[in-house]
Amino acid sequence: MQFQISNWQQLDQTAQQALLERPLQQESDSLKQTVKDIIRAVRTEGDAALQRFSRDFDKLQSNPLRLSEQQQQSLIVSLSDELKTAIQIAYRNIRTFHAAQLPQNIRIETQPGVVCELNYSALDQVGLYVPGGSAPLPSTVLMLGVPAQLAGCRRVVLVTPPGQPEAGDIAAEIVYAASLCGITEIYTLGGAQAVAALAYGTETIGKVDKIFGPGNRFVTEAKQQVSQDARGAAIDMPAGPSEVLVIADDNANPVFVAADLLSQAEHGPDSQVVLVSPSEALLVNTISELKRQTALLPRAEIAKKALSNSRLILTPDLATAALVSNQYAPEHLIIQTADDQGLLRKLTNAASIFVGPYTPESAGDYASGTNHVLPTYGYSRNHSSLSLADFYRRYTVQSLTADGMRDLGPTIVKLAKAEGLDAHANAVSFRLAELELSAKISEENRS
Ligand SMILES: NC(=O)c1ccc[n+]([C@@H]2O[C@H](COP(=O)([O-])OP(=O)(O)OC[C@H]3O[C@@H](n4cnc5c(N)ncnc54)[C@H](O)[C@@H]3O)[C@@H](O)[C@H]2O)c1
Ligand SMILES: N[C@H](CO)Cc1c[nH]c[nH+]1
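What counts and what doesn't
Residues numbered from 1 in each chain as written. Chains lettered and ligands numbered in written order. Predicted model: local features only at pLDDT ≥ 70, side-chain atom pairs only at ≥ 80, totals over all residues. Heavy atoms only, no water. Helix = DSSP H or I, 4+ residues; strand = E, 2+ residues; numbered from the N terminus. Buried < 20%, exposed > 50% of the residue type's maximum accessible area, 1.4 Å probe, protein only. Contact = heavy atoms within 4.5 Å. Pairing = 2+ DSSP bridges. Near = heavy atom within 4 Å. Polar contact = N/O pair within 3.5 Å; in protein donor to acceptor, adjacent residues only side chain to side chain. Areas by Shrake-Rupley, 256 points an atom, 1.4 Å probe, with all protein chains shown as cover. Domains from an automatic or database assignment. 1 Å grid on protein atoms, 1.4 Å probe; cavity = no way out; pocket = protein on both sides within 12 Å on 5 of 7 lines; lining within 4 Å. Points joined across faces, edges and corners; volume = space filled by probe spheres on them. Nonpolar A, V, L, I, M, F, W, Y, C, P; charged D, E, K, R; others polar. Expected span 1.5 Å × (residues − 1).

Tell me about the overall build of the chain, and please be specific about residues and values.
For the chain, the count of helices and strands is 17 helices and 14 strands. The principal-axis extent of the C-alpha atoms belonging to the chain is close to 100 × 60 × 45 Å. Looking at the 447 residues of the chain, the share that counts as buried comes to 50%. Here the contacts in the chain between residues at least 6 apart in sequence split such that 75% fall between residues at least 24 apart.

I'd like to hear about the sheet that holds strand β7 (residues 210–212), residue by residue, with values.
Pairing between the strands of a sheet comes from backbone hydrogen bonds, and it takes one of two forms, parallel or antiparallel. Pairing is parallel in the open sheet, where five strands are placed in the order β6-β5-β4-β7-β8. Sheet topology places β6 (185–188) and β8 (234–235) at the edges, where each strand pairs with a single neighbour. With four bridges joining them, strand β5 (residues 155–160) and β6 adopt parallel strand pairing. Opposite Thr160, over in β6, you have Thr188 as the bridge partner.

Could you give an account of the site of ligand 1, with specific residues and numbers?
As a matter of local geometry, ligand 1 sits amid 28 residues, with Asp58, Tyr129, Ser134, Asn216 and Ser242 nearest to it. Between an oxygen atom of ligand 1 and a main-chain N or O atom of Asn216, the distance comes to 2.8 Å. Here an oxygen atom of ligand 1 and a backbone polar atom of His372 are 3.0 Å apart. For ligand 1, whose accessible area on its own is 870 Å², the fraction buried by protein is 86%. Mapped by element, the contributors of at least two residues to the shell around ligand 1 are α3 (47–58), α8 (191–200) and α9 (217–227). Composition of the shell around ligand 1 by domain shows at least three residues from each of domain 1 (5–24 + 241–369) and domain 2 (27–102 + 122–239).

Describe the environment of Thr34, and please don't skip the residues or the numbers.
Summarising the element assignment, Thr34 is placed in helix α2 (residues 28–45). On the accessibility criterion, Thr34 (35% relative accessible area) is partly exposed. When the C-alpha positions of Thr34 and Ala423 are compared, they lie 48 Å apart, and in sequence the two are 389 residues distant.

So, empty space enclosed by the protein: which residues are in play, and what are the values?
Per the counting criterion, the structure on display carries one cavity of 30 Å³ or more. Roughly 60 Å³ of volume is contained in the largest cavity. What lines the largest cavity is a set of 10 residues, among which Arg22, Pro23, Pro241, Asp270 and Tyr377 lie closest to the centre. When its residues are assigned to classes, the lining of the largest cavity shows four nonpolar, three polar and three charged.

Tell me about unusual backbone geometry, residues and numbers included.
Positive phi, close to 55°, is recorded for Lys59, a residue that is not glycine. Mapped onto the secondary structure, Lys59 falls in the loop between α3 and α4 (69–77). Classification of Lys59 as exposed rests on a relative accessible area of 63%. One non-glycine residue, Ala329, lies in positive phi territory at about 55°.

Which residues make up helix α10 (residues 254–265), and what values go with them?
When the terminal C-alpha atoms of α10 are compared, their 16 Å separation across 12 residues agrees well with the 16 Å that a helix rising 1.5 Å per residue should span. The buried fraction of α10 is high, at nine of 12 residues. Looking only at α10, the buried set comprises Pro254, Val257, Ala258, Asp260, Leu261, Leu262, Ser263, Gln264 and Ala265. Residues of α10 that are buried in the fold lie against β9 (243–248), β10 (272–277), α11 (280–295), α12 (300–307), β12 (332–336) and α15 (361–366). Its side-chain oxygen at 2.9 Å from the backbone nitrogen of Val255, Asn253 defines the N-terminal cap of α10.

From the geometry alone we can't say anything about function, so treat these as descriptive.
In structure tokens, the structure reads:
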């Protein structure tokens, strides 16, 4: 494994930009076409296409698609009590953090007789994508299932690729986590074809309103494509291959830093890990640790591929390290420095931040309570981490009394005329005329 330290100050702007590019951007055209073809096939052939893709990509000779209640129960009983307890603790913390995010309806009288409301209502049908190509992720079930349960979505569908192709089964941990979240509609299906099935529906799988969840590049691209079609489905965010940026100085422990970098490198070959430091010694010591720890990992081959896309960047100081991080806009940002709080104030673009030597990213990945579904590819510049609010739709309600119309009407007429939209103006002025007439009639009746 070869590692190279790049000196930020010695690079010109173009080289700095190139250093912070994500690894997969160059193959995006062929990826788009592959995914487009898969979506088209699912839309035209339905379940038959799902069976074909399950065979081609997931080595399933035939896919029963829906996991029966009986299969779910037998998977759940196969799980050890210890693992069930760990999943329950994670469920509890995630639920506590998300329950505190309950959105509040607003009702305001903006001026006398003019009442405006902002209301939240739970999305009706949601699809949860739980990755399973490289490793089954029951933690992702909790990150998606807990907010769907708290919001009270009527239909919650879970799709995940089969972990054991011979059996066609999915991991027992996934089914148990789903049961805690009250989810029973589960399909053994992954990739772009699962996203297409959720967005458009097939003979077996009913269409949903919004699709949530992370996934590899095929899943992420499919989500983007279906969200651009009005007949498709909304999506949460582009949550693709995992990435982490660590800012560490001389105070950091290279053993911890290397372990944190590897925790994301082991996700998949297209993950990216970045270390930014003003300390050359820390960079050099972390490289030794990366080599030592990688050799001990069961997923060493995957981690090595991801590490070939890694970046080790020497900056003149921590302030520059913060600028590099803001430019990269990482999904996860870990800071381990002598002045974590001071640095925190300079960090603008990161989806989830982990502060201090005892806060590994793994805490948020599994059990602290925050959501691990996060924007990647630099989208943390303008997208947020998943929260309870994402499982609702917002809508407004308004009501004007006659007095409210009398007061506000002339303003609306002026604005509509200024835009040259006479029908808009008429909708108000006809009412104002009617109000004036009925006022005149009551006046006459009184005298
Ligand atoms: N950003 C986040 O919030 C977040 C959270 C958790 C995981 N992740 C990421 O999710 C990803 C999970 O990826 P994964 O691959 O393990 O599982 P996955 O479930 O996302 O993808 C597996 C599916 O990809 C499809 N596929 C594989 N090769 C294909 C090909 N050549 N052509 C078409 N389709 C193909 C198959 O249908 C397979 O079922 C990782 O990259 C991980 O880093 C991200
Ligand atoms: N690191 C992933 C988010 O990018 C989430 C995860 C699941 N399991 C372990 N980690």
